[in-house]
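So the chains spell out like this:
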There are 2 protein chains.
Amino acid sequence: MRRALQLAELGRGRTSPNPMVGAVVLDATAQLVGEGYHARAGEAHAEVGALAMAGERARGGTLVVTLEPCCHHGRTPPCSEAVIAAGVSRVVVAMADPNPQVAGGGLARLRAAGVEVLAGVAETEARSLNAPFLHRLATGRAHGILKWAMSLDGRTALPNGDSQWISGPPARDWVHRLRAQVDAVIVGGGTVRSDDPLLTSRGRRHTEPMRVVLSRQLVLPPKARLWDTTPAQTLVAHGPEAPAAARHHLDALGVERLCLTRCEPLALMEALAQRGCNQVLWECGPELAAAALRQQCVQRIAAVIAPKLLGGTAARTALGALELPSLAAAHPWHDVALQRLGSDLLWILDQR
Amino acid sequence: MRRALQLAELGRGRTSPNPMVGAVVLDATAQLVGEGYHARAGEAHAEVGALAMAGERARGGTLVVTLEPCCHHGRTPPCSEAVIAAGVSRVVVAMADPNPQVAGGGLARLRAAGVEVLAGVAETEARSLNAPFLHRLATGRAHGILKWAMSLDGRTALPNGDSQWISGPPARDWVHRLRAQVDAVIVGGGTVRSDDPLLTSRGRRHTEPMRVVLSRQLVLPPKARLWDTTPAQTLVAHGPEAPAAARHHLDALGVERLCLTRCEPLALMEALAQRGCNQVLWECGPELAAAALRQQCVQRIAAVIAPKLLGGTAARTALGALELPSLAAAHPWHDVALQRLGSDLLWILDQR
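Calculation criteria
- Residues numbered from 1 in each chain as written.
- Chains lettered and ligands numbered in written order.
- Predicted model: local features only at pLDDT ≥ 70, side-chain atom pairs only at ≥ 80, totals over all residues.
- Heavy atoms only, no water.
- Salt bridge = Lys/Arg side-chain N within 4 Å of Asp/Glu carboxyl O.
- Helix = DSSP H or I, 4+ residues; strand = E, 2+ residues; numbered from the N terminus.
- Buried < 20%, exposed > 50% of the residue type's maximum accessible area, 1.4 Å probe, protein only.
- Pairing = 2+ DSSP bridges.
- pLDDT = per-residue confidence, 0-100.
- Contact = heavy atoms within 4.5 Å.
- Buried area = accessible area lost by both parts, 1.4 Å probe.
- Polar contact = N/O pair within 3.5 Å; in protein donor to acceptor, adjacent residues only side chain to side chain.
- Domains from an automatic or database assignment.
- Nonpolar A, V, L, I, M, F, W, Y, C, P; charged D, E, K, R; others polar.
- Arc of directions from axis to C-beta.
- Axes fitted to C-alpha atoms, helices over the stretch in contact; angles between N-to-C directions.
- Parallel < 35°, antiparallel > 145°, perpendicular 65-115°, else oblique.
- Left-handed = near helix turned anticlockwise from the far one by under 90°.
- Least-squares fit on C-alpha atoms with pLDDT ≥ 70 in both.

All names here are of chain A. Considering all chains together, one arrives at 32 salt bridges over all chains under this definition. As a salt-bridge pair, R109 and E81 come within 2.7 Å of each other at their nearest N and O atoms. Of this pair, R109 sits in helix α4 (residues 105-112) while E81 sits in helix α3 (residues 79-86), and the two are 28 residues apart along the sequence. Residue classification places R109 among the partly exposed positions, given a relative accessible area of 33%. On the accessibility criterion, E81 (33% relative accessible area) is partly exposed. With its nearest N and O atoms 3.2 Å apart, the salt bridge here joins R177 to D173. Note that R177 and D173 are positioned in helix α7 (residues 169-179) at a spacing of 4 residues, about one turn of the helix.

Time to look at the pairing of strand β12 (residues 300-306) of chain B. Residues and elements named next belong to chain B. Most of β12 sits inside the fold, with 6 of its 7 residues counted as buried. As defined by bridge partners, strand β6 (residues 143-151) adjoins β12 across 7 bridges and the pair is classed as parallel. Its bridge partner being in β12, K147 is matched across the sheet by A302. Two strands pair when backbone bridges link them, and β12 and strand β14 (residues 344-350) are joined in this way by 6 bridges, in the antiparallel orientation. Bridge pairing in β14 links I305 to L345.

Moving on: the confidence of the model for chain A. Close reading of the predicted structure is inappropriate where its pLDDT is low. Scored by pLDDT, chain A has a mean of 94; 100% of the residues are at 70 or more. Confidence estimates for the predicted assembly give a pTM of 0.93 and an ipTM of 0.92.

Here A:Q164 shows up in the loop between β6 (143-151) and α7. Not counting residues up to four positions away in its chain, the partners in contact with A:Q164 are A:D195 and B:L327.

Counting residues at the interface gives 47 residues for chain A, matched by 46 residues for chain B. For the pair chain A and chain B, the summed buried surface comes to about 3,700 Å²; carbon and sulfur atoms form 70% of the total. The three residues of chain A that bury the most area against chain B are A:L152, A:L309 and A:L327, which together make up 20% of that side's buried surface. With a closest N to O distance of 2.7 Å, A:R340 and B:D335 form a salt bridge. Summed over the shared surface of chain A and chain B, the number is 12 residue pairs in polar contact (both at pLDDT 80 or more). For the side of chain A that touches chain B, the elements supplying multiple residues, two or more each, are β6, α11 (286-294), β12 (300-306), β13 (334-341) and β14 (344-350) of chain A.

This part covers the domain arrangement of chain A. Residue and element names in this part refer to chain A. Under the domain assignment, chain A is made up of domain 1 (2-129) and domain 2 (141-350). Taken over C-alpha atoms, the centre of domain 1 sits 35 Å from the centre of domain 2. Each partner contributes to the interface: domain 1 provides 7 residues, whereas domain 2 provides 9 residues. Both sides of the domain 1 and domain 2 interface together cover about 610 Å² of buried area, and 39% of this is carbon and sulfur. Contact with domain 2 buries area across many residues of domain 1, yet R12, G13 and S16 alone supply 59% of it, more than any other trio. Between the two partners, domain 1 and domain 2, sit 0 salt bridges. Connecting domain 1 to domain 2 are 4 residue pairs in polar contact (both at pLDDT 80 or more). Its residues assigned to classes, the side of domain 1 that touches domain 2 shows 1 nonpolar, 3 polar and 3 charged.

Turning our attention to helix α1 (residues 2-9) of chain B. Residue and element names in this part refer to chain B. Of all the residues in α1, the buried ones are A4, L5, L7 and A8. Taken down its axis, α1 places every buried residue within 160 degrees of arc, on the same side. Turning to α1, the residues buried within the fold contact β1 (22-26), β2 (32-37), β3 (62-65) and α5 (123-129).

Moving on, we come to the sheet that holds β1(B). Residue and element names in this part refer to chain B. The strand order β2-β1-β3-β4-β5 describes an open sheet built from 5 strands, whose pairing is mixed. A strand with exactly one partner marks an edge of an open sheet, and here the two such strands are β2 and β5 (116-119). Pairwise comparison of adjacent strand axes, ignoring direction, gives a mean angle of 15 degrees for this sheet. Here β1 runs beside β3; their pairing, made up of 4 bridges, is antiparallel. Paired with L26 across the strands is T62, a residue of β3.

All names here are of chain B. It is the contact of helix α2 (residues 46-54) with helix α3 (residues 79-86), at a shortest axis distance of 9 Å, that shows an interaxial angle of 20 degrees. Taken together, the axis directions place α2 and α3 in an arrangement best described as roughly parallel. Handedness of the crossing formed by α2 with α3: left-handed. Between α2 and α3, the contacting residues are E47, V48 and L51 on the first element and C79, A82, V83 and A86 on the second.

Residue and element names in this part refer to chain A. Along the polypeptide, E123 turns up in helix α5 (residues 123-129). Considered as a pair, E123 and L67 are 56 residues apart in the sequence and their alpha carbons are 9.2 Å apart. Excluding its chain neighbours within four sequence positions, the residues that come into contact with E123 are A94 and M95.

Moving on, we get to the relation of the copies chain A and chain B. Least-squares fitting of chain A to chain B yields an RMSD of 0.0 Å, with the transformation described by 0.0 Å of translation along the axis and a rotation of 180 degrees. This pairing of chains is accounted for by a two-fold axis. Looking at the rotation axis and the C-alpha trace of chain A, the residue lying nearest is A:G154, at 1.9 Å. Interface overlap between copies is the fraction of interface residues in one copy that are interface residues in the other; for chain A against chain B it reaches 98%, indicating a shared surface.

The following block contains the structure:
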């Protein structure tokens, strides 16, 4: 199962709206004879690849897979039928598929065909691997990561607005790698106006993540790097109050628009989930970041802390108002990882 | 020498204005026969204790000591004479004593008496151990540590001013231990007014560090825990502009006063150095902290970062204005140590 989880990881950033899945096949003498993983939505499921590699050697053997084999016709035929056809005697799975079209049906089909099924092996690791997918199925919203870079004294800019660069090249490189693992990167209109960002993984992923701008009134610059959709798709989400002229300008540029019924983080996360986004990255300014937190649209924080002091009460910080009544209401986040990126620190924390 | 450095460390927090010093004696067959360290200013030097333990076995042996033996009559007689009298053949030292009353004179005296001298063994470690003492001798100012506790988004209070507690019990316990290692703890008048702090090590050191309040105009509460000098000494430093009535009030309370010619961090650090403080701890608010940084009165930063979000542009941060013209002027600090204190992070950095 540890090997199957490693294989699943190879699909990171490419499988949405599907989960990451890995599989290995052992023959009747417990020799490894097949490996597979789900490489991209629309392509073969992990079990199919592993069984194809094993061929006749799968007969009487064991399939180890990180997620319950499916039992429905989606973009590919049901895997549970392929498993039965391959003649394996035993299937070991880490977790049931929470997709309502499966939800135990795959395991039931296998058992009905006389295959021995062992479920729940390394389930914690498997759930952690696919936390964004599970979050989307459970809530109908994309899983959100909020990332910022700040000085040791908590500043994200000088009082004069200068913010490039607080962190060093290894931290900026890490951000590009993080973008390669998510389905969309979100900024507000203010970031487009002040930074004119590119928001790509710099080629680390072949289809770059979608770039999303949330802008209530579409007060946006006529020219911006995001309006060139050659490197990556751009989606501008706005409120019903956005003026027609601004909408037409974007339409004329060929930039896709999405009119939300309410221009707020929650509505955007629901819309992105419906478009198949499992995980998105908030790279926005303090007010939008605080709004996303208030609406429970941030499940993970990735804070880069540089060993520099910026000072200044007028200097920007990472978060606007959270409206906490007391310190007791500031619930601690769960420590996931702490590492150095060059001379900077990266602290990753999850909502409890 | 490693053992001698360990022994030296046992005096931490008690030797000022002297440095920490440790010594071991090996007999002629290289057996360890004596150990000593400088436990407190006015008490025996490390060499004297180690030689006393060795007794006659020191004759023909080796003295290993972290600092050059002194050659002057201070509160104790010169150690170089004691070393010669003990009949050791060889002296190994980590570093020369920068004290202008010694400055190589101790080693010269030993060599003149026919003792073999090896100097510079583990000099880097020895200099690091006594960095505050060396800083005071080189600059005439105490070595400053600036400590703060902040949320993950860089806040030291909620917008309503609530700041107790951002960090958890292990971090607060660590602050008490840190106070036991310094000669004085400094706050501004604002901290006395808002927090009424005690500023002791909570009994971790028998003579508590001196508590220092820097207050230009002596706008201070008539009652405060710091005015009770039973647990620890309190010194109130003020400017020449402080009104007579406020001075008399403190005098009547029995609290020591110090009128600085200019009420600023630099003048205070010089005055504290003259009083024999090697190292002091700034536990002040953002404006005084920024002033101390601008005047090069901070050589080390100890930042406690709690895994909580406070938010709010009106919320207090660790530092007021540093008046940096650009991000390039924000020089990175040197990473000394990173550790977890319960669920909080502690990051210690030194000025380069």
